[in-house]
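Here is what each chain is made of, one letter per residue.
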Amino acid sequence: MCGIVGYIGKELSAQAAPIILDGLAKLEYRGYDSAGMAIYDGEKINTRKAIGRLKILENLTRGGEDMPGAAGIGHTRWASHGAPSDINAHPHTNAAGTIAVVHNGIIENYISLKKKLANKGFQFVSETDTEVLAHLLEYYYKGNPLEAITKVLHRVEGAYALGIMFADHPEEIYAARKDSPLIVGQNESGSFIASDVPAILKYTRTVYYMDNQEVAALRGDGLRFYSLDEEEVEKEPVTIDWDSDAAEKAGYEHFMLKEMYEQPKTIIDTISPRLQGTKGNVSDIVIEELHMTDEELRAVQKIHIVACGSAYHAGVTGKYVLEGLARIPVEVDLASEFRYRNPILGEGSLVIVISQSGETADTMAALRDSKAKGYKVLGIVNVVGSSIAREADACLYTWAGPEIAVATTKAYSAQLAALYLLAMKFARVRGLMSDEVFAGLLADLRRLPDQIELLLAQKQSIQHFANRYLGARDIFFIGRGIDYAISLEGSLKLKEISYIHSEAYAAGELKHGTISLIEDGTLVVAVSTQPELYQKTISNIQEVKARGAFVMAVTNEENKAMEKVSDYVVSIPETNPYFANSLAIIPLQLFAYYVAVGRGCDVDKPRNLAKSVTIE
Ligand code: AGP
């Protein structure tokens, strides 16, 4: 995610730049690809920004010495709209450089706003959604910053945390927030804004958490908060008692847990900007990054999904969803296999490579081989500007933000959401999905974030259950169809962070050998979210129970029959079976996490593993 830091000193002799650079350094854990600052020097706003590490900006400005001034805003950018570059780095300004903006979040309607401003003669220099805000502020600015800010915020849709400066109002800097965290702080020397506590913890432990659609006006000696109707808002400060390490994890014990809790937001961020129409009446799914016309989408005769690890598991689910909704044959391959089996890619084949990091060597090799054979390659990637994102013919970004924990959770969930959108898009252009079915699927899709919140709230009971298996030798996951794909991911999560041996098995395949490993007390996790397979999976549960297994079931609330045959049942809320993976994986992530925590494992950095496997 992007990082924001702003400061305005009480004394005109105060220097904002070093404080901002220091604060941005404390936000580096959030991941970024460029950085910049805007500082008011007493006459004008100076802006410096550069692609790359913060050190580059520090060197460029001699630690801020070359940017004197008592007020400023700074930013570390995690690219979403527009690849990493100097020009796409924040701050962004209006043409005259008299208004500067830094932004964390996604302005969902920036394309239509940009078109309106361009029609009024505004010129754009970057590919970002944020630059639109700078020009829109100029458009509404008549000398009253608060009035201009509120007018702009009434017109933007999406998530924002903003730092804003006006050259003719150097006595204040402004902040605004909706769905993207932003805090405000103050001490005897001045006032601060920051995306997160670590940035300003060394200056103050008294902070104000901004609420949605609030605006803050910061002076060196005072703070004021306003609603979007320009009414003043009273806010209570909060005292932070975290140390900085805990603060980077926003109070969570591990990045993995923090990222699990970010899954609702990453699904919203991945699907919302691609739903055309108003919230209440979505008319279509628009995935501009596909660079494929409806005709080209209709011409796709076969899809090859290629990936590694969890991305491969998302691809296995993608196969069922794409074949089920869009009736396109799909093959899913492990990239390390695909690249050496000389695959037969027929006429009309589309290759989809899935990768969180966008740097996985095997997946990149599969991409290059496919392109060399003349096939179109679509990337589903999280890291903007990564190698796979750049080399794919088209790239559908999963806007999950940087994922710090080695074991993926939020990026995996965002990959699933991207695959759902793709399947629905293909089905619609191929005339296979009625408006009614489309509306029903959209409703289910949009319910997922809240439903995930409900499942995350069950962490205590899952932790209690997990503590019974800290000494387990083998744990098996079984399921059929999409439930098999879910089992693959649940088993990998457990293995990679708790070091307990685990296997995922197609439930119907168990009796062809592996069932010989089931002994008294062996834990078998049975996933059953597909109604037409409920009974079959119950039969498989009875098979393992007969051999002494202890069965944890993850199933739909409606599937009461499971309670009769299982020893511990985690129910998931009702959703379309094609989307059930997004819900069923939550208790499995929690189970793996608490087993690993209980075993004292290094959850965020498991032994032998790297976040991105950039070698064969
Ligand atoms: C998943 O938790 C692991 N970190 C690993 O399996 C990962 O999914 C795999 O290495 C693929 O990485 P990528 O998505 O960055 O290509």
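Below is a summary of the structure that appears in this document. None of these values were measured; they are calculated from a predicted model. (Residues numbered from 1 in each chain as written. Predicted model: local features only at pLDDT ≥ 70, side-chain atom pairs only at ≥ 80, totals over all residues. Heavy atoms only, no water.)

Looking at the secondary structure, you find Asp483 in helix α17 (residues 482-498). The side chain of Asp483 sits in the buried core without any salt bridge; Arg480 is the nearest counter-charge, 8.2 Å away. (Helix = DSSP H or I, 4+ residues; strand = E, 2+ residues; numbered from the N terminus. Buried < 20%, exposed > 50% of the residue type's maximum accessible area, 1.4 Å probe, protein only. Lys, Arg positive; Asp, Glu negative; His and termini not counted. Salt bridge = Lys/Arg side-chain N within 4 Å of Asp/Glu carboxyl O.)

It is possible for side chains bearing opposite charge to pair when their charged atoms get close. Considering all chains together, one arrives at 32 salt bridges under this definition. One salt bridge connects Asp393 with Lys371, and the closest N-O pair in it is separated by 3.8 Å. Of this pair, Asp393 sits in the loop between α13 (387-391) and β22 (394-397) while Lys371 sits in helix α12 (residues 361-372), and the two are 22 residues apart along the sequence. Across the pair Arg447 and Asp444 runs a salt bridge whose closest N-O atoms are separated by 2.6 Å. With Arg447 and Asp444 both in helix α15 (residues 435-456) and three residues apart, this pair spans about one turn of that helix. Take Arg447: its relative accessible area is 41%, and that puts it in the partly exposed class. Among the charged side chains, a salt-bridge network with shared partners connects Lys302, Glu331, Asp333 and Arg341.

Counting residues in each nonpolar core, the largest one holds 127 residues, and the members touching the most others are Ile303, Met424, Phe426, Ile475 and Phe591. Counting residues in hydrophobic clusters, the runner-up holds 30 residues, among them Leu113, Tyr140, Ile149 and Val152. (Core = buried A, V, L, I, M, F, W, Y, C linked by side-chain atoms within 4.5 Å.)

This next bit is on the sheet that holds strand β18 (residues 302-307). Read across the sheet, five strands follow the order β19-β18-β20-β21-β22 without closing on themselves; strand pairing throughout is parallel. Each edge of the open sheet is held by one strand with a lone partner, namely β19 (330-334) and β22. Strand-to-strand twist of the sheet, defined as the mean angle between neighbouring strand axes without regard to direction, takes the value 20 degrees. Of the strand pairs in this sheet, β18 and strand β20 (residues 349-355) are connected by five bridges, and their pairing is parallel. Its bridge partner lying in β20, Lys302 is registered against Ser349. (Pairing = 2+ DSSP bridges. Axes fitted to C-alpha atoms, helices over the stretch in contact; angles between N-to-C directions.)

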